[in-house]
Amino acid sequence: MQKATIRDIDVDGRRVFVRTDFNVPLSDGRITDDTRIRAALPTLRYLLDRNASLVVASHLGRPKGKVVDSLRLAPIAERLSELLGRPVEMAPGVAGAAVRDEASRLQPGEILMLENLRFEPGEEINDDELAGQLASMADVYVDDAFGAAHRAHASTAGIANHLPAVAGFLMEREVEALSKVLQNPVRPLVVVIGGAKISTKMAVLRNLLGRADAFVIGGGMANTFLKAQGYEIGASLVEDDQIEEARLFLRQADDKGVRVFLPFDVVVAPEVAPAAETRIVAVNAVPDGWKIVDIGPQTIDRIEPELMRAGTVVWNGPMGVFEIPAFAEGTRAVARIVAASNAFSVVGGGDSVAAIEEMGIADQFDHVSTGGGASLEFLEGRGLPGIDALREKVEGKIAG
Ligand code: ADP
Ligand code: MG
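## As for the sheet that holds strand E14 (residues 291-295)
Read from one edge of the open sheet, three strands run E13-E12-E14, paired in antiparallel fashion. Both edges of this open sheet fall to strand E13 (279-282) and E14, since each of them pairs with a single strand only. Between one strand axis and the next, the sheet turns through 45° on average, direction left out of account. Summarising the sheet, strand E12 (residues 265-269) and E14 pair through four bridges and their orientation is antiparallel. By the bridge assignment, Val-266 is partnered in E14 with Ile-295.

## Looking at the site of ligand 1
The environment of ligand 1 is formed by 18 residues, the closest being Ala-196, Lys-201, Glu-323, Asp-351 and Ser-352. Separating an oxygen atom of ligand 1 from a side-chain N or O atom of Asn-316 is a distance of 3.4 Å. Between Ser-352 and ligand 1, the recorded distance is 2.5 Å, taken from a side-chain N or O atom to an oxygen atom. With the chains in place, 82% of the 580 Å² that ligand 1 exposes on its own is no longer accessible. Elements with a minimum of two residues in the shell around ligand 1: helix H9 (219-228), E14 and helix H13 (350-358). Taken together, the residues that form the shell around ligand 1 break down as six nonpolar, nine polar and three charged.

## Some points on helix H12 (residues 329-340)
Here H12 is twelve residues long and its end C-alpha atoms lie 16 Å apart, about the 16 Å a rise of 1.5 Å per residue gives. For H12, the set of buried residues is Gly-330, Thr-331, Ala-333, Val-334, Ala-335, Ile-337, Val-338 and Ala-339. Where H12 is buried, its residues contact strand E9 (189-193), E14, helix H11 (297-308), strand E15 (312-316), strand E16 (344-348) and H13.

## Thoughts on the nonpolar core
Counting 111 residues, the largest nonpolar core has Leu-54, Leu-114, Leu-134, Phe-215 and Phe-225 as its most contacted members. No fewer than three residues from each of domain 1 (6-170) and domain 2 (177-379) sit in this core. Apart from residues lying up to four places away in sequence, Leu-54 is in contact with Val-16, Val-18, Leu-44, Leu-47, Leu-48, Leu-106, Glu-110, Ile-111 and Leu-112. Leu-307, Val-313, Met-319 and Val-347 belong to the second-largest nonpolar core, a separate cluster that totals 26 residues.

## A word on the pairing of E15
Most of E15 sits inside the fold, with five of its five residues counted as buried. The alternating pattern of E15 places Thr-312, Val-314 and Asn-316 on one face and Val-313 and Trp-315 on the opposite face, and all of these are buried. In this sheet, E15 lies alongside E9 in parallel orientation, the contact comprising five bridges. Across the sheet, the residue bridging to Val-191 is Val-314, located in E15. Across five bridges, E15 lies against E16 in parallel orientation. Across the sheet, Thr-312 pairs through a bridge with Phe-344, a residue of E16. Remark: the E15/H12/E16 crossover connection has right-handed handedness.

## As for the sheet that holds strand E8 (residues 165-167)
Backbone-to-backbone hydrogen bonds pair the strands of a sheet. The strands run either parallel or antiparallel. Ordered by their spatial adjacency, six strands build an open sheet running E5-E6-E4-E1-E7-E8, and the pairing between neighbours is parallel. Two strands lie at the open edges of the sheet, namely strand E5 (89-90) and E8, each paired on one side alone. With five bridges connecting them, strand E1 (residues 15-19) and strand E4 (residues 53-57) associate as parallel partners. Counted as the bridge partner of Val-18 is Val-56 from E4. Against the sheet, helix H4 (residues 97-104) touches E1, E4, E5 and strand E6 (111-113), its axis set at about 160° to E6.

Cut-offs applied
- Residues numbered from 1 in each chain as written.
- Chains lettered and ligands numbered in written order.
- Predicted model: local features only at pLDDT ≥ 70, side-chain atom pairs only at ≥ 80, totals over all residues.
- Heavy atoms only, no water.
- Pairing = 2+ DSSP bridges.
- Helix = DSSP H or I, 4+ residues; strand = E, 2+ residues; numbered from the N terminus.
- Axes fitted to C-alpha atoms, helices over the stretch in contact; angles between N-to-C directions.
- Near = heavy atom within 4 Å.
- Polar contact = N/O pair within 3.5 Å; in protein donor to acceptor, adjacent residues only side chain to side chain.
- Areas by Shrake-Rupley, 256 points an atom, 1.4 Å probe, with all protein chains shown as cover.
- Nonpolar A, V, L, I, M, F, W, Y, C, P; charged D, E, K, R; others polar.
- Expected span 1.5 Å × (residues − 1).
- Buried < 20%, exposed > 50% of the residue type's maximum accessible area, 1.4 Å probe, protein only.
- Contact = heavy atoms within 4.5 Å.
- Core = buried A, V, L, I, M, F, W, Y, C linked by side-chain atoms within 4.5 Å.
- Domains from an automatic or database assignment.
- Right-handed = clockwise from strand over helix to strand, strands pointing away.

Listed below in structure tokens is the structure:
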């Protein structure tokens, strides 16, 4: 990675501000999935092993600049404390004199967790005053919040104007895996893309068109491609304003000799509901008024060899309405195939990651991104403000 990491700066005995992405799912105030907290542990342990004192900060949900009691970080501080086996003190707020006071009293190895960053109206508008206040609590800024790196906020971008800023290990791992896909993939590079809407993924398709050897397109977005090819898709989810874009993509892929696999057969249902009747039909035989809800078994048979001989697979977006078990087989089959292949495999996207985690096979992928929106923007080839703000790697250690 071009960017400096915590290995490149002296942290011994220093006060370190660590931006994490602890935006975990909560139900009745209890954490239902602590993956994101666990993902930050290597960075936090590295710093604690070096006697740094830590100011840890994250956002949670969308409180929109106001204090929302159900979005306080106390349950997260408690879980982090259990995982690290040491106390995590909860700060009385995000910034201000009382918080800075607590931060200034931190001893080596002690941890202070700030309150939800988005309680402060200055956070999401990247207010420099807030960025300065956050920075005043530490000597070094470490960004381990890849999932928030596509946002230019006070705690992800602005703060780097006030402190030497470096990446944590999670940030480094995310950037390295995704950069490998874009810059030097082991070929063939196969892009598997699905999910609900083509409009949210078109920029990724465009950016990868010049790089990938093949595309597998499924999910709701495949419907727009099928319609662009002249198929009747019944009452399926479609984005009519994207049909031209889809047609253009197919033409350009064809010109470049890039293979595009669209569904060949599909699972259809009269409605998107758990108990709905289902049929498997060829794409030219979708019944009037029915909806395409998954890719079919023959489609899976056709894409399997392509995935098995891939050198790199990047996957974003489920192949069908996987939340409903009867419509999940396409997504599950693709997950099993990619997990079994020898390809360097990267999965991004909240729903795709949820699918492989639910199947219990996430550990069979080389990289499972913790940032849905951020990984998409990275694959679009855009610079992410939270990464751009970090120092470049230099010879020797960064002076802080
Ligand atoms: P990710 O979070 O992995 O990037 P998206 O958010 O783009 O994925 O899309 C996930 C959603 O797409 C899921 O809620 C799924 O139900 C929906 N979806 C997939 N296939 C279809 C389909 N054929 N029709 C309607 N919705 C679909
Ligand atoms: Mg999603």
